[in-house]
Amino acid sequence: MSKGHPYWDARYAEKGFAYGELPNDFLMSAFSDKPPSQERGRAISLCEGEGRNAVFLAQQGYQVTAVDFSAVGLQKAQSLAQRHGVQIECKLADLADLDLGTDQWDLVIAIFCQPESTVRRRLYGQLGRALRPNGHFILETKVKVDASAADPYPGISILQAELAPLTLVFAQESERFLSEGTYHQGLHRTAQIQAVKG
Ligand SMILES: C[S@@+](CC[C@H](N)C(=O)[O-])C[C@H]1O[C@@H](n2cnc3c(N)ncnc32)[C@H](O)[C@@H]1O
């Protein structure tokens, strides 16, 4: 894939950061009791956007790959990483074609990553083999009440079923206040999941 995505490129061409420069707070909370480390292994951020979460993971000590199909988003992600003095690898790709590989990742994150349901199920179905033993998966996504599994915004029970090969560490669906950049402001219903392979 050499081009970007018209809708998302236009959004990220706007001034500022669509979802802010600070990492998602649910992702941050997973590290609240862990000091940054020299070496945490490999992490991949699905639907990374403008870099806020990839930069945070690099600061925690991960070797990070950031995937998105917005070229503009990934350019901003690379600039943000440079500004913070960390390295991230940016991969311009459509999740519909992404192969996460086998025993590749110590951490996979999907923060407000809401592709079509067929893409989501194919991708999350790869996690059991793609994560290394004791590898973690962290997700926060918007939820539409009464969404079916065919919806891009399903609730926690559907997500839990799709992640069945992993062991759930934390799973919660709630209305919560978001304050992230221009586009995530106010009350939203979200699902939050932490799961581990092992
Ligand atoms: C709501 S934004 C969230 C961005 C980022 N995760 C964050 O929280 O700041 C959704 C992102 O998903 C990306 N995206 C959606 N569908 C995708 C797909 N099929 N392949 C790759 N990226 C996709 C968009 O380009 C966009 O950057």
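Right, let's walk through the structure included here. (Residues numbered from 1 in each chain as written. Predicted model: local features only at pLDDT ≥ 70, side-chain atom pairs only at ≥ 80, totals over all residues. Heavy atoms only, no water.)

### Describing the pairing of strand β6 (residues 167-180)
Line of reasoning, step 1. Sheet analysis places β6 next to strand β7 (residues 184-196), joined by 13 bridges and oriented antiparallel. In the sheet register, E180 faces β7, and the bridge partner there is H184.
Line of reasoning, step 2. Here β6 folds back onto β7 in antiparallel fashion, the turn holding three residues, of which G181 has a positive phi close to 65 degrees. (Pairing = 2+ DSSP bridges. Helix = DSSP H or I, 4+ residues; strand = E, 2+ residues; numbered from the N terminus.)

### Thoughts on the packing of aromatic side chains
Line of reasoning, step 1. For the structure shown, the criterion picks out eight aromatic pairs.
Line of reasoning, step 2. Judged by centre distance (5.7 Å) and plane angle (35 degrees), the rings of F26 and F170 are tilted. Highlighted residues: F26 in helix α2 (residues 25-29) and F170 in strand β6, separated in sequence by 144 residues.
Line of reasoning, step 3. A ring pair is formed by F31 and F56, whose centres lie 5.6 Å apart and whose planes are at 80 degrees; its orientation type is edge-to-face. A residue pair is termed long-range when its members are at least 10 positions apart, and F31 in the loop between α2 and β1 (41-46) and F56 in helix α3 (residues 52-60) qualify at 25 residues. (Phe/Tyr/Trp six-rings, centres within 6.5 Å; stacked < 30°, edge-to-face > 60°.)

### Quick word on the nonpolar core
Line of reasoning, step 1. In this structure, L46, L100, Y124, L127 and F137 are the most contacted members of the largest nonpolar core, which totals 27 residues.
Line of reasoning, step 2. Elements represented by at least two residues in this core include exactly β1, β4 (105-111), α5 (117-124), α6 (127-130), β5 (131-142), α7 (156-162) and β7.
Line of reasoning, step 3. The next biggest cluster of nonpolar side chains, apart from the first, holds 26 residues, and it includes F17, L57, V64 and L178. (Core = buried A, V, L, I, M, F, W, Y, C linked by side-chain atoms within 4.5 Å. Buried < 20%, exposed > 50% of the residue type's maximum accessible area, 1.4 Å probe, protein only.)

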